[in-house]
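Each chain, letter by letter, is given below.
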Amino acid sequence: MVEPTVDEWNRQGVLRTIYFGYNSDELDDASKATLQANATWLKAHAKYKVELGGHCDERGSIGYNVALGDRRANSVKGYLAGLGVGATQIVAISYGEEKPADPGHSEAAWAKNRRAEFTIKP
C-alpha cells in the first residue's frame, strides 16, 4: 500500500488544529483529547518533522501577539512531549496575527484565528 504524500496528509488534516480562548495559551479538555490523537499519529510517523504554528486574532499589538503565538505553540509542543512525542520532531513558530484563518472582524472570526496549526514537512 502506498503511503499518502505529505501534501495529501496536510489537506486531509490528519493532525487537527487546536483552538484557544481569548488571550490564553491554556489547553482545555477538548484540546487535550485532540492532542492525544495527534500524538498517536506523530509517534507512528516519527520520521516526519512538523511545524507547529501559533496564531492569534488581530487584537493586541504585533509584539504581544507574536509572544502569545509563541506561548501557544510551545504549550502544545510541551503537552505533546509529555505524551511521548520527540521534541526534535516538532518546530514551534509564532505567526502572531499574520496568517488569519478567517479575515473577518467578529468574535466568530477571531475564535478561528486563536489556534495552533500543524503542518507536516517532507
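Details of the pattern of salt bridges
Here's step 1: In total, this model carries 7 salt bridges according to the counting rule given.
Here's step 2: Two residues, Arg114 and Asp57, come together in a salt bridge whose shortest N-O distance is 3.3 Å. Here Asp57 lies in the loop between strand E2 (49-55) and helix H3 (62-82) and Arg114 lies in the loop between helix H4 (107-113) and strand E4 (115-121), a separation of 57 residues in the sequence. Assigned by exposure class, Arg114 and Asp57 land together as buried.
Here's step 3: The partner of Asp102 in a salt bridge is Lys112, and the shortest N-O contact between them spans 3.4 Å. With Asp102 in the loop between strand E3 (90-96) and H4 and Lys112 in helix H4, the pair connects residues that are 10 residues apart, well separated along the chain.
Here's step 4: Judged by its relative accessible area of 19%, Asp102 falls in the buried class.
Here's step 5: Overall, the relative accessible area of 44% leaves Lys112 in the partly exposed class.
Here's step 6: Via salt bridges that share partners, Asp57, Arg59, Glu107 and Arg114 belong to a single interconnected network.

Brief notes about the packing of aromatic side chains
Here's step 1: Summed over the entire model, instances satisfying the criterion amount to 2 aromatic pairs.
Here's step 2: With a centroid separation of 5.0 Å and an interplanar angle of 85°, the aromatic rings of Trp9 and Trp41 are classed as edge-to-face. Placement of Trp9 in helix H1 (residues 6-12) and of Trp41 in helix H2 (residues 29-44) is noted, with a sequence separation of 32 residues between them. For the pair Trp9 and Trp41, a shared accessibility class is recorded, and that class is buried.
Here's step 3: Pairing Trp9 with Tyr48 gives two aromatic rings, centres 5.2 Å apart and planes at 85°, and the pair type is edge-to-face.

Calculation criteria
Residues numbered from 1 in each chain as written. Predicted model: local features only at pLDDT ≥ 70, side-chain atom pairs only at ≥ 80, totals over all residues. Heavy atoms only, no water. Salt bridge = Lys/Arg side-chain N within 4 Å of Asp/Glu carboxyl O. Helix = DSSP H or I, 4+ residues; strand = E, 2+ residues; numbered from the N terminus. Buried < 20%, exposed > 50% of the residue type's maximum accessible area, 1.4 Å probe, protein only. Phe/Tyr/Trp six-rings, centres within 6.5 Å; stacked < 30°, edge-to-face > 60°.

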